[in-house]
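Summary of the model geometry
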Amino acid sequence: MEMVEGVWRALDTRVTQGVWNLLRNVMGVELTGTPTTKGLPLIDSPTPIVLAMTLYLLCVVAGLLWIKAFNLKPRAQEPAPLQALVLLHNLFCFFLSLYMCVGVVYQAILNRYTLWGNAYNPKQTEMAILVYMFYMSKYVEFMDTIIMVLKRNTRQITFLHVYHHSSIALIWWIIAYHAPGGEAYFSAALNSGVHVFMYLYYFLAAVLRGNEKVRRKYLFWGKYLTQLQMFQFMLNLVQAYYDRKIHAPYPPFLISILFYYMISLLVLFANFYVHKYVMSSSKGNQKAKKAE
Ligand SMILES: CC(C)(COP(=O)(O)OP(=O)(O)OC[C@H]1O[C@@H](n2cnc3c(N)ncnc32)[C@H](O)[C@@H]1OP(=O)(O)O)[C@@H](O)C(=O)NCCC(=O)NCCSC(=O)CC(=O)O
């Protein structure tokens, strides 16, 4: 037991030092914890989230190698335990997202937040707990990729997906550790709101699997969901631009992260949108013309 504790302490010191150096050298920031979330599970040090990200990336690589090595293709029908896992995961994420969205909006109203330009106040404990919960939900969302691997859906395991899922977890750790409230409320509320629809979409996709005609009929709104996600990133980008302009009383380095991160997601999602909806529909039209 003592040995395990010793190894953990040595690892924790190294990882923490590495993250601190990275933030100091790249962003010029000395990161300090806030007393509001101090002591909660997996928050006092960056080691748990860095280890989870590393494990996540290793699982993705191992999964892709496994699929490639055995030349595995998606199954016509999923085994029952996998189907149950997918349904339960999506239901859980749906209700969790709904709870966080309503909770954050309610706290924002209670604390008289304006749309943008809000400061972080360590006395707003409930808001901080909700932002912390949002950070914790990023661990749960790693399961999305595990589902893709188990379903052997390599078409879904894209750079966009893995980049998003691994980076967002670290970003929300920094926010939950340093300033869980203020301007972060907007992303937390908006993103969990969008995720309510996203997990409903994934839930329905799993339920209706096997009947492509019915699935296409009930999931026609996938395209609008992607547009909604892009609109969300656009709003966050304008928020970050506005906050920089007015020198909002929220840590400037967090606003900079939001600004550049949103640009990266917009570029990746625009590429996804063109490939999934524009190019595939023009290919479909060409096929239909040939058939005539
Ligand atoms: C419509 C989208 C939500 C999803 O696009 P997809 O191309 O993945 O959609 P799709 O129609 O193929 O999805 C149906 C397939 O997903 C499976 N599926 C079910 N539940 C799932 C889950 N929790 N995670 C991943 N896949 C899941 C279904 O069984 C089905 O598989 P089968 O077809 O085998 O039956 C899109 O807008 C989008 O977000 N695309 C980017 C890709 C991505 O990874 N997005 C999520 C993280 S980004 C994010 O979250 C941004 C944000 O914060 O808003």
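Residues numbered from 1 in each chain as written. Predicted model: local features only at pLDDT ≥ 70, side-chain atom pairs only at ≥ 80, totals over all residues. Heavy atoms only, no water.

- The protein chain appears in an unreviewed UniProt entry as Very-long-chain 3-oxoacyl-CoA synthase from Sphagnum troendelagicum.
- Recorded in UniProt under Subcellular location (unreviewed entry), the annotation for the protein chain is "Membrane". (UniProt positions renumbered as here; feature names shortened; annotations may be inferred.)

**Let's talk about helix 5 (residues 159–178)**
- Compared with an ideal rise of 1.5 Å per residue, which puts 20 residues at 28 Å, helix 5 spans 28 Å between its outermost C-alpha atoms and is within 8% of the ideal.
- Most of helix 5 sits inside the fold, with 17 of its 20 residues counted as buried. (Helix = DSSP H or I, 4+ residues; strand = E, 2+ residues; numbered from the N terminus. Expected span 1.5 Å × (residues − 1). Buried < 20%, exposed > 50% of the residue type's maximum accessible area, 1.4 Å probe, protein only.)

**Remarks on the nonpolar core**
- Within the largest apolar cluster, 67 residues are counted, with the highest numbers of intra-cluster contacts made by L31, Y135, W172, W173, I175, Y250 and L254.
- At 14 residues, helix 9 (residues 252–291) tops the list of elements feeding residues into this core.
- Ignoring any residue separated from it by four or fewer positions in sequence, one finds Y135 in contact with L42, I43, I49, A169, W172, W173 and A176. (Core = buried A, V, L, I, M, F, W, Y, C linked by side-chain atoms within 4.5 Å. Contact = heavy atoms within 4.5 Å.)

**So, the pattern of salt bridges**
- What the rule picks out here adds up to seven salt bridges.
- The residue E212 makes a salt bridge to R215 at a minimum N-O spacing of 3.4 Å. In this pair, E212 and R215 both sit in helix 7 (residues 212–218), three residues apart, roughly one turn of the helix.
- Relative accessible area serves as the criterion here: at 41%, E212 is assigned to the partly exposed category.
- Via salt bridges that share partners, R75, E78, K151 and R209 belong to a single interconnected network. (Salt bridge = Lys/Arg side-chain N within 4 Å of Asp/Glu carboxyl O.)

**Some points on the layout of surface pockets**
- Its volume calculated, the largest pocket comes out at about 1300 Å³.
- In terms of lining residues, the largest pocket is bounded by 40 residues, among which R155, Q156, Y201, Y202 and K276 are the most central.
- Contributions of two or more residues to the lining of the largest pocket are made by helix 3 (80–110), helix 4 (125–150), helix 5, helix 6 (184–207), helix 7, helix 8 (222–245) and helix 9.
- Examining the composition of the lining of the largest pocket, we find that eight residues originate from one element, helix 6, more than from any other.
- Of the residues assigned to the lining of the largest pocket, the class counts are 17 nonpolar, 14 polar and nine charged.
- Lining the second largest pocket we find 14 residues, and of these M27, L170, I171, I174 and I257 sit closest to its centre.
- Contributions of two or more residues to the lining of the second largest pocket are made by helix 1 (2–27), helix 5 and helix 9.
- Grouping the constituent residues of the lining of the second largest pocket by class yields twelve nonpolar, two polar and no charged. (1 Å grid on protein atoms, 1.4 Å probe; cavity = no way out; pocket = protein on both sides within 12 Å on 5 of 7 lines; lining within 4 Å. Points joined across faces, edges and corners; volume = space filled by probe spheres on them. Nonpolar A, V, L, I, M, F, W, Y, C, P; charged D, E, K, R; others polar.)

**Observations concerning a nonpolar patch on the surface**
- Taken together, the side chains of L91, F95, L98 and V102 define a hydrophobic patch exposed on the protein surface, amounting to about 350 Å² of accessible area.
- With respect to the helices and strands, the residue L91 is situated in helix 3. (Patch = residues over 30% accessible without salt bridge, like charges linked within 9 Å, V, L, I, M, F, W, Y side chains within 5 Å. Areas by Shrake-Rupley, 256 points an atom, 1.4 Å probe, with all protein chains shown as cover.)

**Some details on the packing of helix 3 against helix 4**
- Between helix 3 and helix 4, the shortest axis-to-axis distance is 10 Å and the interhelical angle comes to 160°. One element, helix 3, and the other, helix 4, form an angle in the roughly antiparallel class. In this structure, the crossing between helix 3 and helix 4 has a hand that is left-handed.
- Split by residue class, the contact of helix 3 with helix 4 holds 18 nonpolar, four polar and two charged. (Axes fitted to C-alpha atoms, helices over the stretch in contact; angles between N-to-C directions. Parallel < 35°, antiparallel > 145°, perpendicular 65-115°, else oblique. Left-handed = near helix turned anticlockwise from the far one by under 90°.)

**A few points about the packing of aromatic side chains**
- Within the structure shown, the criterion is met by 23 aromatic pairs.
- On the numbers, 5.0 Å between centres and 50° between planes, the contact of Y273 with Y277 is tilted. Of this pair, Y273 and Y277 are both found in helix 9, four residues apart, which corresponds to roughly one turn of the helix.
- Given the relative accessible area of 16%, Y277 is considered buried.
- Cation over ring: K138 sits above F134, and NZ or CZ is 4.2 Å from the ring centre.
- A cation over a ring is seen here: R244 above F259, with NZ or CZ 4.6 Å from the ring centre. (Phe/Tyr/Trp six-rings, centres within 6.5 Å; stacked < 30°, edge-to-face > 60°. Lys NZ or Arg CZ within 6 Å of the ring centre and 35° of its normal.)

**Notes on the state of the cysteines**
- Applying the stated criterion across every chain, the model contains zero disulfides.
- Free of any disulfide, C93 has its nearest cysteine sulfur in C101, 15 Å distant.
- Residue class for C93 comes out buried when judged on its relative accessible area of 4%.
- Take C101: its relative accessible area is 18%, and that puts it in the buried class. (Disulfide = S-S within 2.5 Å.)

**Things to note about the site of the ligand**
- Around the ligand, the structure places 32 residues, and the nearest of them are H161, Y201, R209, T226 and Q229.
- Between the ligand and Q232, the relevant distance is 3.1 Å, taken from an oxygen atom to a side-chain nitrogen or oxygen of the residue.
- Contact with the protein chains covers 95% of the free accessible surface of the ligand, which is 1100 Å².
- If you map the ligand onto the pockets, it falls in the largest pocket.
- Mapped onto the shell around the ligand, the elements with two or more residues apiece are helix 3, helix 4, helix 5, helix 6, helix 8 and helix 9.
- Taken together, the residues of the shell around the ligand sort by class into 14 nonpolar, twelve polar and six charged. (Near = heavy atom within 4 Å. Polar contact = N/O pair within 3.5 Å; in protein donor to acceptor, adjacent residues only side chain to side chain. Sits in = over half its atoms within 2 Å of the grid points.)

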